[in-house]
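Next come the chains, spelled out residue by residue.
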Amino acid sequence: MDLAMKAEDVAFRDEVRAFLKENLTDELKAHARLTPGILADQDLRVEWTKILHKKGWSAPSWPKEHGGPGWNVMQRFIWASECAAAGAPHGSNMGLAMVGPTLMGHGTPEQRAKYLPAILSGDDWWCQGYSEPGSGSDLASLQCRADSDGDDYIINGTKLWTTGAHQSNKMFLLVRTNPNAAKKQEGISFLLIDDFQAKGIKVDPIITLAGDHEVNQVFFDDVRVPKANRVGAENNGWTVAKYLLEFERGGAAHGANLRNSLNKLKVMAAAERSDDGEKLIDDPAFARKIAETDVEVTAVEYTEHRIMSQLSNGQNPGAAASMIKLRGSDTNQKITELGIEAIAYYAEPHVLEARNWGSNVRSVGPDHALMVMPKYLNTRAQTIFGGSNEVQRGIMAKAVLGL
Ligand SMILES: Cc1cc2nc3c(=O)[nH]c(=O)nc-3n(C[C@H](O)[C@H](O)[C@H](O)COP(=O)(O)OP(=O)(O)OC[C@H]3O[C@@H](n4cnc5c(N)ncnc54)[C@H](O)[C@@H]3O)c2cc1C
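For clarity, every value in this text was computed on a predicted model and none was experimentally measured.

Caption draft 1: Focus on the overall build of the chain. Each helix and strand counted, the chain has 13 helices and eight strands in total. Expected size for 403 residues packed as a compact globule is a radius of gyration near 22 Å; at 22 Å, the chain falls within 12% of this value. The dimensions of the chain, computed from C-alpha atoms along their principal axes, are 75 × 50 × 45 Å. Put simply, the chain has 403 residues, and 50% of those count as buried. Here the analysis covers contacts within the chain between residues at least 6 apart in sequence; of these, 72% occur between residues at least 24 apart. Counting every atom, the chain has about 18600 Å² of accessible surface; 52% of that belongs to carbon and sulfur. Here the chain holds 44 positive side-chain charges and 51 negative ones, and the gap between their average locations is 3 Å.

Here it is as C-alpha cells:
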C-alpha cells in the first residue's frame, strides 16, 4: 500500500489547509483542545458541522450520490490528518458514522430521503440505543419491548450508556418485538425515534470517572413509534444491528488521531526531563517505548487505509472492523499512559483544572500537561464501548482464525 502523496494529493492537502485556516475559529479549536472526548458544547458541534456542510464536506466517507464529497481513500486520509493536526473538533456523530451508512444499506428510499439530508446539514443528532443493564456484550439478550398497536409500536424499557442522548433529537434503537422467538436474535427489530423529546422518554445523566457528561441512561414509558420507522423487516433487526456495528468499529479516523497524539507526545517528551536530567525523548527506555508505539500507529494507519478502500468499493469491513477497533483503542490508551509517564507529578492537578469548563482554564504546570490526565481517564472507556476488546478478540478468533 502506497501512502506517499502524488501532486494532486498535495494540491488537495493545500486546499484543505486553506479551508481549515479560514474556517476553524479560535473558539472551536480551544474547545476541542479542552475536550477529552466528545465536544461538550452542542452549539459548537452544530456550528462546525454547518460550516463543513456549506462546503459539501460534512460527510467525508459518504458516497456522492448521498451527499458526500466523493473523496478517494487518500483524500479522506489527508482530510482526517489535517483536521487532527489543526485541532478541529472530532466528536462522535452517530448520524454520519452509523445510522447514515446503515440507511444506505438497509433503509427504504423514503427513509433515506427523510433522514440523510438532516444528518448532512447538522440539523439532526442521533444517539444509539443498543446496550441495556445486563445486555452489553450479550446484546441479543436485550429486553426493551416494542408491542404492536395498529400502525405503531409502543416502547417500554430502558437503554444504558447512551452517548450524547442529552444532545440528540433522534435515536436509533434495538427493541424486542418477539419475546417468544426460538433464538433471541430472531425477536429483535431496529427502530428510529423521530422525536426524542417526546412524552414518555426520560434521559438521566451518568458522570464518568473523568468528570465528563457523555453517557446517560434513557427510560421509555409507553412511547409510540410508527411502524414506518422500522429499518429492515420485523424481527430481522439483528442483521441491521450487526451491519451498523461494522461501521461503528471500522469507520472512525483512528490513524490520524493517533498520529497527532503521538506527535504531541514527542513534543512533550522533548520538553520534559528524565530522572538523569536529560531530555526525556533522549532517554533510551522512553525513546524505545515511543518507537514501538510509532510502529503500532503505522500499522493502524495501513489497516485503516485497507478498510477505507473496502468501504469505498461498497464492501463491508467485516472482521477488519474488529481488528482496527482493537488495535486503535489499545494504541490510544498506550499513548495516554506514556503521556502520564512524561509529565509525572503534573498529571494530577490538571484533572481539576481541565474540568473547569467554560471558565478561565489555567495550567498548574506546563501548558502541554493540561489535558494529559483527562485524556488518560476518558480513553479508559475506549476498550469497552463499541463492543469490548475481549469481544473483538472473540470475533476475530472465529471470523479470521476459524476457531
Ligand atoms: C463511554 C461509553 C460509551 C458508550 N456508549 C454507548 C452508546 O452510545 N450506545 C450503546 O448502546 N452502548 C454504549 N456503550 C455500552 C457499551 O457498548 C458496553 O458497555 C459494552 O458493549 C460492554 O457491555 P457491558 O458494559 O454490559 O459489559 P459486560 O458485557 O457485562 O462485560 C463485562 C466484562 O466481561 C467481558 N466479557 C463479556 N462477554 C465476554 C465474552 N464473550 N468473551 C470475553 N469477555 C467477555 C467484557 O469484555 C468486560 O470486560 C458505551 C459504553 C461506554 C463505557
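Caption draft 2: Highlighting the pattern of salt bridges. Per the counting criterion, the structure on display carries 23 salt bridges. For the salt bridge of arginine 224 with aspartate 152, the shortest nitrogen-to-oxygen distance reads 3.0 Å. Taken together, the residues span a long stretch of sequence, with arginine 224 in strand E7 (residues 213–226) and aspartate 152 in strand E3 (residues 152–160) at a distance of 72 residues. In this structure, aspartate 330 and arginine 327 form a salt bridge, with 3.6 Å as the shortest nitrogen-oxygen distance. One end of the pair, aspartate 330, and the other, arginine 327, are both in helix H10 (residues 320–343), three residues apart, so they sit about a helical turn from each other. Arginine 327 sits in the partly exposed class, given a relative accessible area of 34%. Salt bridges sharing partners connect three or more residues here, namely Glu296, Arg327, Asp330, Lys334 and Arg393.

Caption draft 3: Local environment of a nonpolar patch on the surface. A surface patch of nonpolar side chains, about 350 Å² in accessible area, is lined by Val400, Leu401 and Leu403. Here leucine 403 is to be found in the segment after helix H13 (389–399). For leucine 403, a relative accessible area of 72% translates into the label exposed.

Caption draft 4: Highlighting the site of the ligand. Around the ligand, the surrounding shell holds 16 residues, and the nearest of these are Ser137, Trp161, Thr163, Ser388 and Glu390. Serine 131 is positioned such that a nitrogen or oxygen atom in its backbone is 2.7 Å from an oxygen atom of the ligand. Contacts to the ligand include serine 388, whose side-chain N or O atom sits 2.6 Å from an oxygen atom. Residues belonging to the shell around the ligand are distributed by class as follows: seven nonpolar, eight polar and one charged.

Caption draft 5: Quick peek at helix H6 (residues 109–121). The end-to-end C-alpha distance of H6, which contains 13 residues, comes to 19 Å, matching closely the 18 Å that a straight helix rising 1.5 Å per residue would cover. Its axis deflected by about 25° at tyrosine 115, H6 carries its strongest bend there, up to four residues before the proline proline 117. Within H6, the full set of buried residues consists of Gln111, Tyr115, Leu116, Ala118, Ile119, Leu120 and Ser121. The elements touched by buried residues of H6 are helix H3 (42–55), helix H5 (94–106), strand E1 (126–129), strand E4 (170–176), strand E5 (188–193) and strand E8 (230–231). Phi for glycine 122, located one or two positions after H6, is positive at around 85°.

Caption draft 6: Broad picture of helix H9 (residues 284–312). Taking 1.5 Å of rise per residue, the 29 residues of H9 would be expected to cover 42 Å, and the 42 Å separating its terminal C-alpha atoms lies within 8% of that figure. Residues of H9 that are buried: Phe286, Ile290, Thr293, Asp294, Val297, Val300, Glu301, Thr303, Glu304, His305, Ile307 and Met308.

Caption draft 7: Up close: the pairing of E3. Extensive coverage of E3 is indicated by the burial of eight of its nine residues. When strand E2 (residues 145–149) meets E3, the two strands line up antiparallel, connected through five bridges. From the neighbouring strand, aspartate 147 faces E3, where its bridge partner is isoleucine 154. Where E2 hands over to E3, the hairpin turn is made up of two residues, of which glycine 150 adopts a positive phi near 65°. Two elements, E3 and E7, share eight bridges in a ladder whose sense is antiparallel. Looking at the pairing, leucine 160 lines up with glutamine 217 of E7.

Caption draft 8: Layout of the side chain of asparagine 260. Among the structural elements, asparagine 260 can be located in helix H8 (residues 254–271). Among residues more than four places away in sequence, those in contact with asparagine 260 are Ala84 and Ala85.

Caption draft 9: Structural detail: the packing of H9 against H10. For the pair H9 and H10, the least separation of the axes is 10 Å and the interaxial angle reads 155°. On the basis of their axis angle, the class for H9 and H10 is roughly antiparallel. Here H9 runs over H10; the crossing is left-handed. Of the residues in H10, those touching H9 at Phe286, Lys289, Glu292, Thr293, Glu296, Val297, Val300, Thr303, Glu304, Arg306, Ile307 and Gln310 are Ala320, Ala321, Met323, Ile324, Arg327, Gly328, Thr331, Lys334, Ile335, Leu338, Glu341 and Ala342. When grouped by side-chain class, the residues that make up the contact of H9 with H10 number eleven nonpolar, five polar and eight charged.

Caption draft 10: Fine view of the pairing of strand E6 (residues 201–207). Sheet topology note: the E6/E7 ladder contains seven bridges and is antiparallel. For proline 205, the partnering residue across the bridge sits in E7 and is asparagine 216.

Caption draft 11: Representation of the side chain of asparagine 93 within the structure. Here asparagine 93 lies in the loop between helix H4 (73–86) and H5. Residue class for asparagine 93 comes out buried when judged on its relative accessible area of 11%. Separated by 3.1 Å, the side chain of asparagine 93 and the backbone nitrogen of glycine 95 make a polar contact. A polar contact is formed between the side chain of asparagine 93 and the backbone nitrogen of leucine 96, at a distance of 3.1 Å.

Here is what the cut-offs are and how they apply
- Residues numbered from 1 in each chain as written.
- Predicted model: local features only at pLDDT ≥ 70, side-chain atom pairs only at ≥ 80, totals over all residues.
- Heavy atoms only, no water.
- Helix = DSSP H or I, 4+ residues; strand = E, 2+ residues; numbered from the N terminus.
- Rg over C-alpha atoms; globule rule 2.2 N^0.38 Å.
- Buried < 20%, exposed > 50% of the residue type's maximum accessible area, 1.4 Å probe, protein only.
- Contact = heavy atoms within 4.5 Å.
- Areas by Shrake-Rupley, 256 points an atom, 1.4 Å probe, with all protein chains shown as cover.
- Lys, Arg positive; Asp, Glu negative; His and termini not counted.
- Charge placed at Lys NZ, Arg CZ, Asp CG, Glu CD.
- Salt bridge = Lys/Arg side-chain N within 4 Å of Asp/Glu carboxyl O.
- Patch = residues over 30% accessible without salt bridge, like charges linked within 9 Å, V, L, I, M, F, W, Y side chains within 5 Å.
- Near = heavy atom within 4 Å.
- Polar contact = N/O pair within 3.5 Å; in protein donor to acceptor, adjacent residues only side chain to side chain.
- Nonpolar A, V, L, I, M, F, W, Y, C, P; charged D, E, K, R; others polar.
- Expected span 1.5 Å × (residues − 1).
- Bend = angle between axes of the 7 residues up to and from the residue.
- Pairing = 2+ DSSP bridges.
- Axes fitted to C-alpha atoms, helices over the stretch in contact; angles between N-to-C directions.
- Parallel < 35°, antiparallel > 145°, perpendicular 65-115°, else oblique.
- Left-handed = near helix turned anticlockwise from the far one by under 90°.

Purely geometric stuff here, so don't read any function into it on its own.
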